[in-house]
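Examining the three-dimensional arrangement
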Amino acid sequence: LTTKLPAVGTTIFTVMSSLAQESGAVNLGQGFPDFNCDPKLVADVTQAMTQGLNQYPPMAGVPVLRQAISDKLQLLYGGKYSADSEITVTAGATQAIITIILAVVHAGDEVIVLEPCYDSYVPNIELAGGVVVRVPLVPGSFRPDFDKISAAITPKTRAIIINSPHNPSATVWTKADMLRLEEILAPTEVLLISDEVYEHMVFDADKGCAHQSAILFSRLAARAFIVSSFGKTYHVTGWKVGYVAAPAALTAEFRKVHQFNVFTVNTPVQYALAAYMADAKPYLDLPAFYQRKRDLFRSGLAGSRFKLLPSEGTYFQCVDISAVSSLNEADFCKWLTTEIGVAAIPLSAFYGDGFDQRVVRFCFAKKDQTLEAALARLAKL
Ligand code: PMP
Ligand code: GLN
């Protein structure tokens, strides 16, 4: 059998979670909370199931959930997305992204990714027969390099994928960044795939930081697929429900693929999410909730030889390991897991060429006691 994805093995998240489990390590690798979601959300699912809401929902998602998403996008970003023709509920952001790519990328089309990038983007483009064009974020700061982005655009460029707040670097694009992107794309027909799964996790609002959704920039929104995930926002990564918001013409293409890709998504969970979204508080409270954990984790590492990089958003904290070890990132993460008892993710896993800059990623979406147990082991390094 000739493989379609020769460079692909098992994802680093699965590899590190398995190693953490075998070693009895505290798992700060794969990004997921180790605490439960709001019991009300579980009760809402149970209620929907008990009411008999257990058969196929409409292909694009249950209307009440699409309406709740539309209302949120209006409330937060002034977006005007028709629940009927511009919002589709997906099986997580992962399915949203592969479906967008399969829907719009023709064989030979170029798609720009900014490295380091989430590990599904590149194989998704390859499966669609597209050509991956890798543009590095600025080493060290992980800021976008707009001269390089601009230079990467050719007549064959079909789309660019951006991700802010950014996994793995925990950086957040500024308004100036988004305006610059808007200006660069203006003379082109390049589509924008904006992965905003961490939209509700931007810290330091007192210093003026805020999520800059592509929806806020009308000329970007007109060409954009906006992707988000309830897994991140409501502490239910295992539910695998997200959504895509895009102008009607783009949504129509998206749904052509979606209907044959999953057709539709878990009915009772959709009703529960719709009911839960009636209250904005859970997502409005999320930045403060995670900022406290970020600060707890950062202050616990302050006396160690790890060099803390900024964590402006997401639930990740990156650290430079060069003063702690001479191992490469991947070997360091294995050593840290098996010998020190804390799992982390090497940033090299987010680069096509395995670029190693001696930086690893920790996830702080954990109970305080979990973070404290990890810190007891890490602080002495
Ligand atoms: N994009 C990014 C940047 C992510 O970090 C994740 C979650 N790991 C996803 C997409 C996938 O989200 P989901 O779990 O909803 O499929
Ligand atoms: N997005 C999560 C992370 O970056 C993991 C998702 C996955 O396991 N595929 O850690």
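Residues numbered from 1 in each chain as written. Chains lettered and ligands numbered in written order. Predicted model: local features only at pLDDT ≥ 70, side-chain atom pairs only at ≥ 80, totals over all residues.

An unreviewed UniProt entry lists the protein chain under the name Methionine aminotransferase, from Polaromonas vacuolata. UniProt lists a comment for the protein chain under the heading Sequence similarities (unreviewed entry), and it reads "Belongs to the class-I pyridoxal-phosphate-dependent aminotransferase family." In its Cofactor (unreviewed entry) section, the UniProt record describing the protein chain reads: "pyridoxal 5'-phosphate". (UniProt positions renumbered as here; feature names shortened; annotations may be inferred.)

Attention shifts here to the sheet that holds strand β10 (residues 316-320). Overall, antiparallel pairing links the four strands, which are arranged β9-β10-β13-β12 in an open sheet. Either end of the sheet is taken by a strand with one partner, and the two such strands are β9 (307-308) and β12 (345-346). One ladder, built from two bridges, connects β12 with strand β13 (residues 359-363); its direction is antiparallel. The residue of β13 that forms the bridge with I345 is R361. (Pairing = 2+ DSSP bridges. Helix = DSSP H or I, 4+ residues; strand = E, 2+ residues; numbered from the N terminus.)

This part takes up helix α4 (residues 92-104). Over its 13 residues, α4 extends 19 Å from the first C-alpha to the last, a length consistent with the 18 Å expected when each residue adds 1.5 Å. Across the 13 residues of α4, 12 count as buried, placing the element largely inside the fold. Within α4 the residues assigned to the buried category are G92, A93, Q95, A96, I97, I98, T99, I100, I101, L102, A103 and V104. (Expected span 1.5 Å × (residues − 1). Buried ≥ 20, exposed ≤ 12 C-beta atoms within 10 Å, placed from the backbone.)

The environment of ligand 1 is made up of 14 residues, and the closest members are G92, A93, T94, N167 and S229. If you tally residues by element for the shell around ligand 1, the top one is α4, at three residues. By residue class, the composition of the shell around ligand 1 is three nonpolar, nine polar and two charged. (Near = placed C-beta within 6 Å. Nonpolar A, V, L, I, M, F, W, Y, C, P; charged D, E, K, R; others polar.)

Right, let's get into the site of ligand 2. Taken together, T11, F13, Q30, G31 and N167 make up the full set of residues adjacent to ligand 2. Split into classes, the residues belonging to the shell around ligand 2 amount to one nonpolar, four polar and no charged.

This next bit is on the UniProt feature "domain: Aminotransferase class I/classII large" (unreviewed entry) in the protein chain. What UniProt calls "domain: Aminotransferase class I/classII large" (unreviewed entry) maps, in this numbering, to residues 26-378. Strand forms 16% of residues 26-378 and helix 40%; the C-alpha atoms that close the span are 11 Å apart.

Taken as a whole, helix α15 (residues 368-378) has its buried residues at L371, A374 and L378. Projected down its long axis, α15 carries its buried residues within an arc of 65°, all on one side. Against the buried residues of α15 lie β1 (26-27), α13 (286-301) and β11 (342-343). (Arc of directions from axis to C-beta. Contact = placed C-beta atoms within 7 Å.)

Moving on to the domain arrangement of the protein chain. Under the domain assignment used here, the protein chain contains domain 1 (12-30 + 285-378) and domain 2 (40-279). Each of domain 1 and domain 2 has a C-alpha centre, and these two points are 26 Å apart. In this assembly, 23 residues from domain 1 lie in contact with 24 residues from domain 2. Elements with a contribution of two residues or more to the side of domain 1 that touches domain 2: α13 and β10. With five residues, α13 is the largest single contributor of residues to the side of domain 1 that touches domain 2. Counted by class, the side of domain 1 that touches domain 2 contains 13 nonpolar, seven polar and three charged residues. (Domains from an automatic or database assignment.)

Okay, the pairing of β13 next. Among the five residues of β13, five are classified as buried, and the element is accordingly described as predominantly covered. Burial of β13 is two-sided: the residues V359, R361 and C363 facing one way and the residues V360 and F362 facing the other way are all buried. As paired strands, β10 and β13 are joined by five bridges and run antiparallel to one another. Opposite V319, over in β13, you have V360 as the bridge partner.

Core analysis: the biggest nonpolar cluster contains 113 residues, and I100, L192, F225 and V244 have the highest contact counts within it. The leading source of residues in this core is α4, at nine residues. Each of two domains, domain 1 (12-30 + 285-378) and domain 2 (40-279), supplies a minimum of three residues to this core. Discounting chain neighbours no more than four positions away, the residues touching I100 are I193, F225, V244 and F254. (Core = buried A, V, L, I, M, F, W, Y, C linked by C-beta atoms within 7 Å.)

Burial analysis of strand β6 (residues 191-195) places five of its five residues in the buried class, which makes it a mostly covered element. Burial along β6 is two-sided: the face carrying L191, I193 and D195 and the face carrying L192 and S194 are both buried. Relative to β6, strand β5 (residues 157-163) runs parallel, the two being bridged by five bridges. Counterpart to I160 in the pairing with β6 is L192. Handedness of the crossover is the feature at issue here: the chain leaves β5, passes through helix α7 (residues 175-185), returns alongside β6, and the resulting connection is right-handed. (Right-handed = clockwise from strand over helix to strand, strands pointing away.)

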